[in-house]
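# Structural characterization, general
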Amino acid sequence: MTPRHHPSQDLIASCAAGTLRPGAALVVRAHIARCPTCRAEAGFFESLGGALLETETPAPMSAGALDRALAAIDRPAPAPPAPARVRSGRPALPHGLDGVTMGKRRWIAPGVTVTPVTTRHNSRELVYLLRIGAGMVLPRHTHAGCEFTCVLEGSFSDSAGRYDPGDFIATDESIEHSPVVARDGPCVCLAATDSPLVMRDLVGRIFQPLAGI
Amino acid sequence: MASDPNDGAPRIDGMHGATAQFAGIGPESVESLRSVSRRVPTGSPADGLILAIAQRRDREAFAALFEHFAPRVKGYLIRLGVPAAQAEELAQDALVAVWRKAELFDPARASASTWIFRIARNLRLDAGRRDRTAAAFEPDLSDAPDPPETPEATALTRQREERVRRALAELTPDQVKVLRLSFFQDCPHSEIAETLGLPLGTVKSRIRLALARLRAELEGEA
Ligand SMILES: [Zn+2]
């Protein structure tokens, strides 16, 4: 099934142009990997990037640049680093999510774990895998900052609709929802946020009911 | 160039400074590349150069590709705000990466300039890493072809490339300018307006118009 919830055209364009913050780009790419429509859209913007590169005003290279490049191609390529290890029990990351490292899984509440994801790009965003058990209901909450989410496995619903693997969700302070995970299995999402408060927010939103709020 | 070991080699000459000319490949350069094209059947001369590298590590092809693309990659990086010295270094890295990754290039999926754009874009994103040199050479899935598509999708990909080029060539220089600024620099429209000394409304409508024309061109034949 192809996704029904897509990133905006602006997000796809800035992802293709390389101007989107890396964590957010990771989430957009997770969607694009499963969505032929957005893949074509991203392809359009990459073609535009190529065409703009072709017509870019050349900045002359310094003297001897070609000779240095010719010398560089004679040297053996540095050995590629070992591929990112995905420990057992972790969901496999979709195509395109190269170069990410999975951190230690943290238990947040019964049935809920968070695994931080480190992108290879420097960024102050928080990127994480959120795993929520089958049939769980998260309390009503809003999101600190701007948060992007892509469903990797399972599904959940909120008042706006149902989200299946590949579906993309953008949330911010203005969105308040109470997601319900489908009964037939846990839901795993990849999420990126620009807010440093997210962990507190996340823990808070899950512990709210336990605290009787 | 102090010493050019590639005299007489196939190269994409006559392209420097030809920024207004779309795809930039003039008749003379096509002629001078004919020898390469004959050996490597392909859509565009630059595609043939990358294939020549992939198939037989052709250093002359690399030199021609370098002369054409390195200054453009450098110009693109400077546009993004990368300091000139670092832009030069990254442009070097990008072209060396083209040599090392040439086998991953699939002309059915992307033109040479789109593929090199992706490599340069990813290198720039990696530039903040501590192990930047490794980053330049490690296999990067985002440079590799996407998962297999239907033959129809692949055919459309290449058509799209051609149409984007044609459509861009149709735009006025002003439209290309705002498109370039909004695409690469991710400038808020207000900053673009300031840079170009144009009213904000004009900038917005030019970006809209430019994108609409590109899209119309793309969808016209769908
Ligand atoms: Zn989509």
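Cut-offs and rules
Residues numbered from 1 in each chain as written. Chains lettered and ligands numbered in written order. Predicted model: local features only at pLDDT ≥ 70, side-chain atom pairs only at ≥ 80, totals over all residues. Heavy atoms only, no water. Helix = DSSP H or I, 4+ residues; strand = E, 2+ residues; numbered from the N terminus. Buried < 20%, exposed > 50% of the residue type's maximum accessible area, 1.4 Å probe, protein only. Contact = heavy atoms within 4.5 Å. Areas by Shrake-Rupley, 256 points an atom, 1.4 Å probe, with all protein chains shown as cover. Domains from an automatic or database assignment. Buried area = accessible area lost by both parts, 1.4 Å probe. Salt bridge = Lys/Arg side-chain N within 4 Å of Asp/Glu carboxyl O. Nonpolar A, V, L, I, M, F, W, Y, C, P; charged D, E, K, R; others polar. Pairing = 2+ DSSP bridges. Polar contact = N/O pair within 3.5 Å; in protein donor to acceptor, adjacent residues only side chain to side chain. Donors = N, O, S within 2.8 Å, 3.2 Å for Na, K, Ca; no water. Tetrahedral: all angles 85-135°; square planar, octahedral: opposite > 155°, others 65-115°. Expected span 1.5 Å × (residues − 1).

### Remarks on the overall build of chain B
When you go through chain B residue by residue, the secondary structure sums to eleven helices and zero strands. Beginning at the N terminus, the succession of helices and strands in chain B can be written as α-α-α-α-α-α-α-α-α-α-α. Looking at chain B as a whole, 52% of its 222 residues are labelled buried. Considering only contacts in chain B between residues 6 or more positions apart, those separated by 24 or more positions represent 62%. With the model as given, the accessible surface of chain B reaches about 9800 Å², and the carbon-plus-sulfur share is 54%.

### Overview of the domain arrangement of chain B
Residue and element names in this part refer to chain B. Along its sequence, chain B is organised into domain 1 (16–146) and domain 2 (160–222). Each side of the interface is counted separately: domain 1 has ten residues, and domain 2 has eight residues. Buried surface at the junction of domain 1 and domain 2, both sides included, amounts to about 850 Å², of which 62% is carbon and sulfur. Along the contact surface separating domain 1 from domain 2 lie zero salt bridges. Secondary structure elements with two or more residues in the side of domain 1 that touches domain 2: helix H4 (59–79) and helix H6 (112–126). When residues of the side of domain 1 that touches domain 2 are assigned to their parent elements, the largest contribution, three residues, is made by H6. Within the side of domain 1 that touches domain 2, the residues separate by chemical class into six nonpolar, three polar and one charged.

### What to know about the sheet that holds strand E9 (residues 180–181) of chain A
All names here are of chain A. Judged by pairing direction, the sheet is antiparallel, and its three strands sit side by side in the order E7-E6-E9 without closing on themselves. What marks the edges here is a single partner per strand, and that holds for strand E7 (161–163) and E9. Relative to E9, strand E6 (residues 156–158) is paired through two bridges, and the arrangement is antiparallel. Across the sheet, the residue bridging to Phe 156 is Val 181, located in E9.

### Description of the side chain of A:His31
All names here are of chain A. Within the secondary structure, His 31 sits in helix H2 (residues 22–32). By relative accessible area, His 31 is classed as buried at 0%. There is a polar contact of 3.3 Å between the side chain of His 31 and the side chain of His 6. In this structure, His 31 is in contact with Pro 3, His 5, His 6, Pro 7, Cys 38, Cys 150, Gly 166, Asp 167 and Phe 168, ignoring residues within four places of it in sequence.

### Overview of unusual backbone geometry
All names here are of chain B. The phi dihedral of Arg 57 falls on the positive side, at around 45°, and the residue is not glycine. Checked against the element boundaries, Arg 57 lands in the loop between helix H3 (45–56) and H4. Overall, Arg 57 belongs to the partly exposed group, its relative accessible area being 31%.

### Side note on the pattern of salt bridges
If the charged atoms of two oppositely charged side chains come close together, the side chains can form a pair. Tallying each qualifying case throughout the model produces eleven salt bridges over all chains. Note that A:Arg68 and B:Glu88 form a salt bridge whose closest N and O atoms lie 3.6 Å from each other. Of the two residues, A:Arg68 sits in helix H4 (residues 65–74) while B:Glu88 sits in helix H5 (residues 84–101), which places them in two different chains. Connected via shared salt-bridge partners are A:Arg4, A:Arg162 and A:Asp164.

### Overview of the coordination of the zinc ion
Residue and element names in this part refer to chain A. Taken together, His 6 (ND1), His 31 (NE2), Cys 35 (SG) and Cys 38 (SG) make up the full set of protein donors to the zinc ion, lying 2.0 to 2.3 Å away. Around the zinc ion, the four donor atoms sit at angles spanning 104 to 114°, and that spread fits a shape best called tetrahedral. On the primary sequence, the residues serving as donors to the zinc ion are separated as H-x24-H-x3-C-x2-C.

### Notes on helix H3 (residues 36–54) of chain A
Over its 19 residues, H3(A) extends 26 Å from the first C-alpha to the last, a length consistent with the 27 Å expected when each residue adds 1.5 Å. Summarising burial for H3(A): 16 of the 19 residues are buried, a large majority.

### What to know about helix H9 (residues 173–184) of chain B
Residue and element names in this part refer to chain B. Across its twelve residues, H9 extends 16 Å between first and last C-alpha, which sits within 8% of the 16 Å expected from 1.5 Å per residue. Within H9, nine of the twelve residues are buried, which leaves the element mostly enclosed by the surrounding structure. Taken as a whole, H9 has its buried residues at Gln 175, Val 176, Val 178, Leu 179, Arg 180, Leu 181, Ser 182, Phe 183 and Phe 184.

### Topic: the environment of A:Gly145
In this structure, A:Gly145 sits in the loop between strand E4 (126–132) and strand E5 (147–153). On a C-alpha basis, the gap between A:Gly145 and A:Thr193 in space is 6.8 Å, while along the polypeptide they are 48 residues apart.

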